[in-house]
Amino acid sequence: IAGITQAPTSQILAAGRRMTLRCTQDMRHNAMYWYRQDLGLGLRLIHYSNTAGTTGKGEVPDGYSVSRANTDDFPLTLASAVPSQTSVYFCASSDGSTNSNEQFFGPGTRLTVL
Amino acid sequence: GQNIDQPTEMTATEGAIVQINCTYQTSGFNGLFWYQQHAGEAPTFLSYNVLDGLEEKGRFSSFLSRSKGYSYLLLKELQMKDSASYLCAVNDGDYKLSFGAGTTVTVRA
């Protein structure tokens, strides 16, 4: 593994189903983030984690949950998917200990909820 | 909330120069980022400004004026591969970034 990986690459999901998007990084970064990207709206933060064991809500957290059991993994769960959650989801990580806090992004998961 | 504005689209000719402006109003400020994103791919880091002035990196330069809440990304000697979306993002002082909606640049031959 090099950098950040996400799985699956894409998924078609029936409304009401539960879905977990996986994110793993091997850079030992403290902070991790989940964004959704929709046409015309840019990247919007869903949830974030400053360090293992802590999480926080971003701009659009409703309908999503996260956990951060260890440094490397940051899964995003949709408990009961709805069509408005159709989007491209990006996971990102940052060192968190430098002023610049540059974020590195995973390749994304394209999710379609029918 | 955070407010970050940038133009939706820009078109330029190969070999030309394009300037993408970004204005922001945020609760805090600890630096401004520019990311490049090709269609269907992840955003990748281009530049970071935390102090006023110009940062040059090859064909790309980024400028910041904190007093005006303004930045621009300058792309010189445009190439076809520069066709992409360019995202302005502000670190508001916490770990989090707030992104603008992005500017799609189309380079024509």
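Note that the coordinates shown come from a computational prediction; the quantities given were computed from them, not determined experimentally. (Residues numbered from 1 in each chain as written. Chains lettered and ligands numbered in written order. Predicted model: local features only at pLDDT ≥ 70, side-chain atom pairs only at ≥ 80, totals over all residues. Heavy atoms only, no water.)

**Notes on the overall build of chain A**
Within chain A one finds zero helices and 11 strands. Its C-alpha atoms give chain A a radius of gyration of 13 Å, near enough to 13 Å, the size a compact globule of 114 residues would have. Each principal axis of the C-alpha atoms in chain A carries an extent, and together these give about 40 × 30 × 25 Å. Partitioning the contacts of chain A with sequence separation of at least 6, the portion at a separation of at least 24 is 54%. As displayed, chain A has an accessible area near 5200 Å², and 51% of this comes from carbon and sulfur atoms. The distance from the centre of the 9 positive side-chain charges to the centre of the 8 negative ones in chain A is 10 Å. (Helix = DSSP H or I, 4+ residues; strand = E, 2+ residues; numbered from the N terminus. Rg over C-alpha atoms; globule rule 2.2 N^0.38 Å. Contact = heavy atoms within 4.5 Å. Areas by Shrake-Rupley, 256 points an atom, 1.4 Å probe, with all protein chains shown as cover. Lys, Arg positive; Asp, Glu negative; His and termini not counted. Charge placed at Lys NZ, Arg CZ, Asp CG, Glu CD.)

**Focus: the side chain of A:S49**
All names here are of chain A. Among the structural elements, S49 can be located in strand β5 (residues 42–49). In this structure the side chain of S49 is engaged in a polar contact, spanning 2.8 Å, whose partner is the side chain of R68. Contacts of S49, omitting those with residues within four sequence positions, involve N30, A31, M32, T54, T55, R68 and F74. (Polar contact = N/O pair within 3.5 Å; in protein donor to acceptor, adjacent residues only side chain to side chain.)

**Digging into the nonpolar core**
Core analysis: the biggest nonpolar cluster contains 20 residues, and B:I20, B:L32, B:W34, B:L73, B:L75 and B:Y86 have the highest contact counts within it. At the level of elements, β3 (18–25), β4 (32–37), β7 (60–65), β8 (70–75), β9 (84–91) and β11 (103–108) of chain B are the ones that each hand at least two residues to this core. In this structure B:L75 touches B:A16, B:I17, B:V18, B:I20, B:R59, B:F60, B:D82 and B:Y86, once residues within four positions along its chain are discounted. Within the second largest apolar cluster, 19 residues are counted, among which are A:I4, A:C23, A:L76 and A:V113. (Core = buried A, V, L, I, M, F, W, Y, C linked by side-chain atoms within 4.5 Å. Buried < 20%, exposed > 50% of the residue type's maximum accessible area, 1.4 Å probe, protein only.)

**Looking at the sheet that holds strand β1 (residues 4–7) of chain A**
Residue and element names in this part refer to chain A. Ordered in space as β1-β3-β8-β7, the four strands form an open sheet in which the pairing is antiparallel. Two strands bound the open sheet, and with one partner strand each, they are β1 and β7 (64–66). Averaged over neighbouring strand pairs, the angle between their axes works out to 20 degrees when direction is ignored. Note that strand β3 (residues 19–25) and strand β8 (residues 76–78) share three bridges and pair antiparallel. Paired with L21 across the two strands is L76, which belongs to β8. (Pairing = 2+ DSSP bridges. Axes fitted to C-alpha atoms, helices over the stretch in contact; angles between N-to-C directions.)

**Considering the packing of aromatic side chains**
This structure, assessed with the given rule, holds 16 aromatic pairs over all chains. A centroid spacing of 5.5 Å and a plane angle of 85 degrees characterise the contact between A:Y35 and B:F99, whose relative ring orientation is edge-to-face. Placement of the pair is A:Y35 in strand β4 (residues 31–38) and B:F99 in strand β10 (residues 97–99), with the two residues belonging to separate chains. Like A:Y35, the residue B:F99 is buried in the burial classification. Relative to B:Y35, the ring of A:F105 has its centre 5.5 Å away and its plane inclined at 85 degrees; by these criteria the two rings are edge-to-face. Remark: B:Y35 occurs in strand β4 and A:F105 occurs in strand β10 (residues 103–105); the pair is interchain, linking two chains. Here A:F105 and B:Y35 have matching classes, each one buried. (Phe/Tyr/Trp six-rings, centres within 6.5 Å; stacked < 30°, edge-to-face > 60°.)

**Observations concerning the environment of B:E56**
Residue and element names in this part refer to chain B. Tracing the sequence through the fold places E56 in strand β6 (residues 53–57). Taking the C-alpha atoms as reference points, E56 and L74, 18 residues apart in sequence, are found 9.2 Å from one another. Filtering out sequence-adjacent residues up to four positions away, E56 remains in contact with S61 and K76.

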